[in-house]
Amino acid sequence: MSGPSLTDDLAGEIRTRYRAYAQKFIAPKAAEADRCGRLDPEVVDALRCEGFLGAPMAQEYGGLGMDMVSYGLLNAEIGRTCSSCRTLLTVHNLVGLTLQRWGNPFIRREVLPDLSAGRKVAAIAMSESPAGSDISSMRTMLSSNGATLRLEGQKAWTSFGLLADWFLVFAQSEDGPVAVLIPADSPGLARQPMTAVTGIRGNMLAELTFQNCPVEPQQIVGKPGFGFSHISTCALDHGRYSVAWGAVGVAEACLSETVRYLSERQQFGGRMIDLPLARASLSQMMVKSRAARQLCMAAGRLRAAKSPDALLETMVAKYFAAGAAAWIANAAVRLHGARGLSCDYAVERFLRDAKAMEIIEGGEEVLELLIAAQLTSEVLGD
Amino acid sequence: MTSRAETQIMIERMMTQLLACGSLDVDADIFESGVVNSLLALQIINRLERLFNFEVDEEDLERNNFASVAKMTDFVLRKRVQSCPDHR
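Criteria and thresholds
- Residues numbered from 1 in each chain as written.
- Chains lettered and ligands numbered in written order.
- Predicted model: local features only at pLDDT ≥ 70, side-chain atom pairs only at ≥ 80, totals over all residues.
- Heavy atoms only, no water.
- Helix = DSSP H or I, 4+ residues; strand = E, 2+ residues; numbered from the N terminus.
- Rg over C-alpha atoms; globule rule 2.2 N^0.38 Å.
- Buried < 20%, exposed > 50% of the residue type's maximum accessible area, 1.4 Å probe, protein only.
- Contact = heavy atoms within 4.5 Å.
- Areas by Shrake-Rupley, 256 points an atom, 1.4 Å probe, with all protein chains shown as cover.
- Lys, Arg positive; Asp, Glu negative; His and termini not counted.
- Charge placed at Lys NZ, Arg CZ, Asp CG, Glu CD.
- Salt bridge = Lys/Arg side-chain N within 4 Å of Asp/Glu carboxyl O.
- Expected span 1.5 Å × (residues − 1).
- Core = buried A, V, L, I, M, F, W, Y, C linked by side-chain atoms within 4.5 Å.
- Pairing = 2+ DSSP bridges.
- Buried area = accessible area lost by both parts, 1.4 Å probe.
- Polar contact = N/O pair within 3.5 Å; in protein donor to acceptor, adjacent residues only side chain to side chain.
- Phe/Tyr/Trp six-rings, centres within 6.5 Å; stacked < 30°, edge-to-face > 60°.
- Lys NZ or Arg CZ within 6 Å of the ring centre and 35° of its normal.

A.B. asks: Could you clarify how one ought to interpret the overall build of chain A in this entry?
C.D. replies: Across its full length, chain A carries twelve helices and ten strands. A compact globule built from 382 residues would reach a C-alpha radius of gyration of about 21 Å, and chain A, at 21 Å, matches this within 12%. Expressed as lengths along the three principal axes of its C-alpha atoms, the size of chain A is roughly 80 × 50 × 35 Å. Within chain A, the fraction of its 382 residues that count as buried is 58%. Long-range contacts, defined here as pairs at least 24 residues apart, represent 74% of the contacts in chain A between residues at least 6 apart. In the form shown here, chain A has an accessible surface area of approximately 15700 Å², with 53% of it arising from carbon and sulfur atoms. Each charge class in chain A can be summarised by its mean position, and for the 38 positive and 40 negative side chains these summaries are 5 Å apart.

Given below as structure tokens:
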């Protein structure tokens, strides 16, 4: 489905459809993904069969060509049930959309069709142990040895690094920062699992090591020198949009779980939901959740219209939605009392996932720097 | 079709807004000035695309195309010629 925007009625219908899909195929395996640290292959197949791996990618490459608002709604409904599964959508599609924007003819011909149809999975390899938000300090290096290009270095925190068939890897080079597309079976590439993380535990994190890994010029995405400024910015922008909507899903799931729990829980001679303090908390949770959804919807409509303002509004949406989800999940755990700390209650997982979402794709402080710079430009540039 | 002078004025206005400055030397290298971060670099492309209704392709990613207002003007004019039906 393409087009600049959706009516509210149609968005509501799509949301209902995605919710039913997520409840049927994703929700039953969500707690297991968290517990086992991996997504069940049946869940990945369920995404693939529906075309959701590659949902926003163009139909000419075999994607669904889903408009940006629908794609956001999909992220919210999948994120509502399982943040690990939503993360697969995030990383796969952020790579796919970045290649669709900046990929050369070889990549468009040989890689994009497989990614768009979900036959292959892609992940992004950006963070390094010494280089997180400060990507300019990364040490992974693409160097030329005669006619051959070689990649050397280590990447950490690569979501779905254990599953991916292709990696969009960022590195330094003689000509400046560069992005290269590396197949998982490339000689010199080794991957190790990273475990014992707090949240989004099913995202099959890996540490990648590149040792004398051969790279053909056609594997370079964009041009050397533009790796950080254009390729990574484009990729992170798509990632933020997906995470922002995923945070909306977590926030709304926390609200539903908490309302159900408080409706059944009897304390002080009545239902907890009738206690004024519980109602006050629920109201605050709901208002934050609704505001997050509205910001994501606004960003989605700007993206659908290809507005230059979409970059900033996506950052604003991610900043608010991730913060709201963490706040709401924290309140949900508190209102559940001791049960909120038990893995038998989903809010315990939601809180851990929400904390991770505050950090990934631009932490709060990093986004504050960028948003404030944009505000300055807007006010003083007029 | 807008003239070169008009195109340059449009780009200059766009850049003074983005850089939040009152005026800009059209030949000044914006990358050497250090004021262009990665977000701004992508915004420049997005705004040029919107302003002049074309798409910046992978092969257009050359520093020289975006280094100054004057170079962006040259680039926009070249893209216009390329998208002209007679050119194909």
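Following the structure, the description resumes.
A.B. asks: Just checking my understanding: could you explain the pattern of salt bridges for this structure?
C.D. replies: A side chain of one charge can pair with a side chain of the opposite charge if their charged atoms are brought near each other. All names here are of chain A. For the structure on display, the rule yields 27 salt bridges over all chains. The partner of Asp237 in a salt bridge is Arg303, and the shortest N-O contact between them spans 3.0 Å. Remark: Arg303 occurs in helix 9 (residues 276-304) and Asp237 occurs in helix 8 (residues 227-264); sequence separation between them is 66 residues. Classification of Asp237 as buried rests on a relative accessible area of 10%. For Arg303, a relative accessible area of 10% corresponds to the buried category. Linked by salt bridges that have partners in common, Arg15, Arg19, Glu77, Arg80, Glu252 and Arg293 make up one network.

A.B. asks: Even after reading the chapter, I still don't get helix 4 (residues 69-83) of chain B, so can you show me in this structure?
C.D. replies: Each α-helix winds once per 3.6 residues, and so residues spaced three or four apart point in a common direction. All names here are of chain B. Along its 15 residues, helix 4 runs 21 Å from first to last C-alpha, staying within 8% of the 21 Å computed at 1.5 Å per residue. Within helix 4 the residues assigned to the buried category are Val69, Ala70, Met72, Thr73, Phe75, Val76, Lys79 and Arg80. Tucked into the core, helix 4 has its buried residues touching helix 1 (4-19), helix 2 (38-52) and helix 3 (63-66).

A.B. asks: Hey, could you run me through the nonpolar core in this one?
C.D. replies: Considering soluble globular proteins, one finds that nonpolar side chains tend to be buried as a cluster. Of all hydrophobic cores here, the largest spans 154 residues; its most connected members are Leu39, Leu99 and Leu151 of chain A together with Met15 of chain B. Top contributing element to this core by residue count: helix 8 of chain A, with 18 residues.

A.B. asks: Would you mind showing me how to read unusual backbone geometry here?
C.D. replies: Negative phi characterises most residues that are not glycine, and trans characterises most peptide bonds. All names here are of chain A. In this model, Ile200 sits at a positive phi of 45°, which is unusual for a non-glycine residue. On the secondary structure map, Ile200 appears in the loop between strand 6 (189-193) and strand 7 (206-215). For Ile200, a relative accessible area of 3% puts it in the buried group.

A.B. asks: What should I look at first to understand the pairing of strand 2 (residues 141-145) of chain A in this one?
C.D. replies: Every regular strand shows the same layout, with side chains that alternate between the two sheet faces. Residues and elements named next belong to chain A. Bridge analysis of strand 2 against strand 3 (residues 148-158) gives five bridges, and the strand direction is antiparallel. Looking at strand 3, one finds that Ser144 is bridged to Leu149. Count of turn residues in the strand 2/strand 3 antiparallel hairpin: two residues, of which Gly146 carries a positive phi of about 70°. Across two bridges, the pairing between strand 2 and strand 4 (residues 166-173) is parallel. In the sheet register, Met141 faces strand 4, and the bridge partner there is Gln172.

A.B. asks: When you look at the side chain of Gln172 of chain A in this model, what are you seeing that I'm missing?
C.D. replies: Structurally, the position occupied by Gln172 of chain A is in strand 4. Ignoring anything within four residues of it in the chain, the contact list for Gln172 of chain A reads Ile135, Ser136, Met138, Thr140, Met141, Leu142, Pro177, Val178 and Phe228 of chain A.

A.B. asks: I tried to follow the interface of chain B and chain A on my own but got confused; where do I start?
C.D. replies: Each partner contributes residues to the interface: chain B has 22 residues there, and chain A has 27 residues. Here chain B meets chain A over a buried area of about 2200 Å², counting both sides, of which 59% is carbon and sulfur. Considering only the side of chain B, the residues that lose the most area to chain A are Leu39, Glu58 and Leu61 of chain B, jointly responsible for 32% of the buried surface there. Here chain B and chain A share three salt bridges between them. Along the contact surface separating chain B from chain A lie nine residue pairs in polar contact (both at pLDDT 80 or more). Sorting the residues of the side of chain B that touches chain A by element identifies helix 1 and helix 2 of chain B as the ones contributing at least two each.

A.B. asks: What is the right way to look at the packing of aromatic side chains in this model?
C.D. replies: The tally for this structure, following the rule as stated, stands at seven aromatic pairs over all chains. Pairing Phe54 of chain B with Phe75 of chain B gives two aromatic rings, centres 5.9 Å apart and planes at 85°, and the pair type is edge-to-face. Residue Phe54 of chain B is located in the loop between helix 2 and helix 3, and its partner Phe75 of chain B is located in helix 4; the two are separated by 21 residues in the primary sequence. Pairwise contacts between aromatic rings join Tyr18, Tyr21, Phe25 and Phe52 of chain A into one cluster. When the ring centre of Trp102 of chain A is taken as reference, the NZ or CZ atom of Arg101 of chain A above it lies at 4.2 Å. Over the ring of Trp327 of chain A we find Lys288 of chain A, and its NZ or CZ is 4.6 Å from the ring centre.

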